[in-house]
Amino acid sequence: MAAEEHFDLRSAMVEQQIAARGIRDPLLLRAMEKVPRHVFVPGADARTAYGDFPVPIGSGQTISQPFIIALMIHMTGLRPGDRVLEVGTGSGYQTAILGAMGMDVVSVELRPSLAASARRALEETGLMAGIRMVCADGYDGWPPGAPYRGIIVSAAPPSVPQALVSQLSEGGRMVVPVGEGLQRLVLVTRRGGSWEMEAGE
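Before going into details, it helps to say that this report is about the structure given with it. Note that the structure is a prediction, hence the values are computed from the model and not measured.

Rules of the game
- Residue positions are given per chain, counted from 1 along the sequence in the order it is written.
- Only residues with pLDDT of at least 70 get local features here, since the model is predicted, and only at 80 or more are side-chain atom pairs given and counted; chain-wide, interface and lining totals rely on the full set of residues.
- Heavy atoms from the whole structure form the basis of all side-chain values; hydrogens and water molecules are not counted.
- Only DSSP runs of H or I reaching four residues or more are called helices, and only runs of E reaching two or more are called strands; each is numbered from the N terminus.
- All radius of gyration figures rest on C-alpha atoms, and the globule criterion is 2.2 Å times the number of residues raised to 0.38.
- Burial status follows relative accessibility: with a 1.4 Å probe on protein chains alone, a residue under 20% of its type maximum counts as buried, one over 50% as exposed, and anything between as partly exposed.
- Throughout, the Shrake-Rupley method with a 1.4 Å probe supplies accessible areas, and for residues the shown protein chains are the sole cover considered.
- As used throughout, the charge tally considers Lys and Arg to be positive and Asp and Glu to be negative, leaving His and the chain termini uncounted.
- Charge positions come from single atoms, namely NZ of Lys, CZ of Arg, CG of Asp or CD of Glu.
- We count a salt bridge whenever a side-chain nitrogen from Lys or Arg sits within 4 Å of a carboxyl oxygen from Asp or Glu.
- Note on contacts: a residue pair is in contact if any heavy atoms of the two residues lie within 4.5 Å.
- The term polar contact refers here to a pair of N or O atoms within 3.5 Å; inside protein, the definition further demands a hydrogen-donor-capable atom paired with an acceptor-capable atom, and it admits residues adjacent in sequence only when both atoms are side-chain atoms.
- Two strands form a pair only when DSSP identifies at least two bridges running between them.
- Any Phe, Tyr or Trp ring, taking Trp's six-membered ring, that has another such ring centre within 6.5 Å forms a pair; planes under 30 degrees apart are called stacked, those over 60 apart edge-to-face, and the others tilted.
- Look at NZ for Lys and CZ for Arg. If either is within 6 Å of the ring centre and within 35 degrees of the ring normal, a charge sits over the ring.

1. Quick word on the overall build of the protein
Then, in step 1: Looking only at helices and strands, the protein features 7 helices and 9 strands.
Then, in step 2: Its C-alpha atoms give the protein a radius of gyration of 16 Å, within 12% of the compact-globule value 17 Å for 201 residues.
Then, in step 3: Within the protein, buried positions represent 52% of all 201 residues.
Then, in step 4: Of the roughly 9,000 Å² that the protein leaves accessible, carbon and sulfur atoms contribute 52%.
Then, in step 5: Charge-centre separation for the protein: the mean point of 18 positive side chains lies 3 Å from the mean point of 21 negative side chains.

So this is what it looks like as structure tokens:
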């Protein structure tokens, strides 16, 4: 089975790339140890799939390095049962991690080819439960599923998309890489009728 293949590489990835850098959430670490990343990186050999760097996935896109995915999920503070919006399904790997953690996931992908390949990978790994996939412009969010306890944006906009902020629930958090060229992670928290923005970890 896919989940049993390359378990040694997956364990090393979690220990050396994630836990060693200070992310110790047991739920997140277990999910990253469970999800077979290699299935979501078509054409790459296993060591490349689990490497500490981004990997091309087609359509001019990449799958982020494992630590960045772990960091963004960690920053949202999500727990099982929380509803989360993922902007940019990409390979479907981060989607799978969120689902494996027990989240109620809405994942939006603009490119039909990537959405289709991500769905195939999620179905192959048996990780479609709790995941709703939408092919649309993610920067508009997905109002039918709002409000969201967490929003994770995979692609970097030049500024924080206001349409997404409005879809956060009270106390909800959004993590987004902002900037052109040099990017920085930004954490946005909704407080009452306003929102707070701070530089990420």
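Once the structure has been displayed, the description carries forward.
2. Quick word on the side chain of Asp82
Then, in step 1: Tracing the sequence through the fold places Asp82 in the loop between α4 (66–76) and β3 (83–87).
Then, in step 2: Notably, Asp82 is buried but unbridged: the nearest opposite-charge side chain belongs to Arg149, and the N-O separation is 4.7 Å.
Then, in step 3: If near-sequence neighbours (up to four positions away) are discounted, Asp82 is found in contact with Met103, Asp104 and Arg149.

3. Observations concerning helix α2 (residues 26–34)
Then, in step 1: The set of residues buried in α2 consists of Leu27, Leu28, Leu29, Ala31 and Met32.
Then, in step 2: Contacts made by the buried residues of α2 are with α1 (7–18), α4 and α5 (93–100).
Then, in step 3: One side-chain oxygen of the residue at the start of α2 lies 3.0 Å from the amide nitrogen of Leu27, identifying that residue as Asp25.

4. Examining the pairing of strand β6 (residues 148–153)
Remember that side chains alternate between the two faces of the sheet whenever the strand is regular.
Then, in step 1: Most of β6 is tucked away, with 5 of its 6 residues classed as buried.
Then, in step 2: Relative to strand β7 (residues 168–178), β6 runs parallel, the two being bridged by 4 bridges. When the bridges of β7 are listed, Ile151 appears paired with Met174.

5. Focus on the packing of aromatic side chains
The description of an aromatic ring pair uses the distance of the two centres, along with the angle that the planes make with each other.
Then, in step 1: Considering all chains together, one arrives at 1 aromatic pair under this definition.
Then, in step 2: Plain terms: the ring middles of Phe40 and Tyr93 are 6.0 Å apart, the flat faces sit at 65° to each other, and that makes the pair edge-to-face. Residue Phe40 is found in the loop between α2 and α3 (46–49), and its partner Tyr93 is found in helix α5; the two are separated by 53 residues along the sequence.
Then, in step 3: Judged by relative accessible area, which is 0%, Tyr93 ranks as buried.
Then, in step 4: If you follow Arg21 out to its NZ or CZ, it ends over the ring of Phe67, 5.0 Å from the centre.

6. Description of the environment of Val188
Then, in step 1: Along the polypeptide, Val188 turns up in strand β8 (residues 184–191).
Then, in step 2: Along the backbone, Val188 and Leu168 are 20 residues apart, and their C-alpha atoms lie at a distance of 9.5 Å.
Then, in step 3: Other than its neighbours up to four places away in sequence, Val188 contacts Val160, Val165, Leu168, Gly172, Arg173, Met174, Trp195, Glu196 and Met197.

7. A few points about unusual backbone geometry
Then, in step 1: Residue Pro147 is reached from Ala146 by a cis peptide bond, and omega for that bond is 5°.
Then, in step 2: When you line up the elements, Pro147 lands in the loop between β5 (131–135) and β6.

8. Quick look at the pattern of salt bridges
Then, in step 1: Considering all chains together, one arrives at 5 salt bridges under this definition.
Then, in step 2: Where Asp52 meets Arg21, a salt bridge forms, and the shortest distance between an N and an O atom there is 2.6 Å. One end of the pair, Asp52, is in the loop between α3 and β1 (55–58); the other, Arg21, is in the loop between α1 and α2, and 31 residues separate them in sequence.
Then, in step 3: Close ionic contact of Asp25 with Arg79 constitutes a salt bridge, the shortest N to O distance being 3.0 Å.

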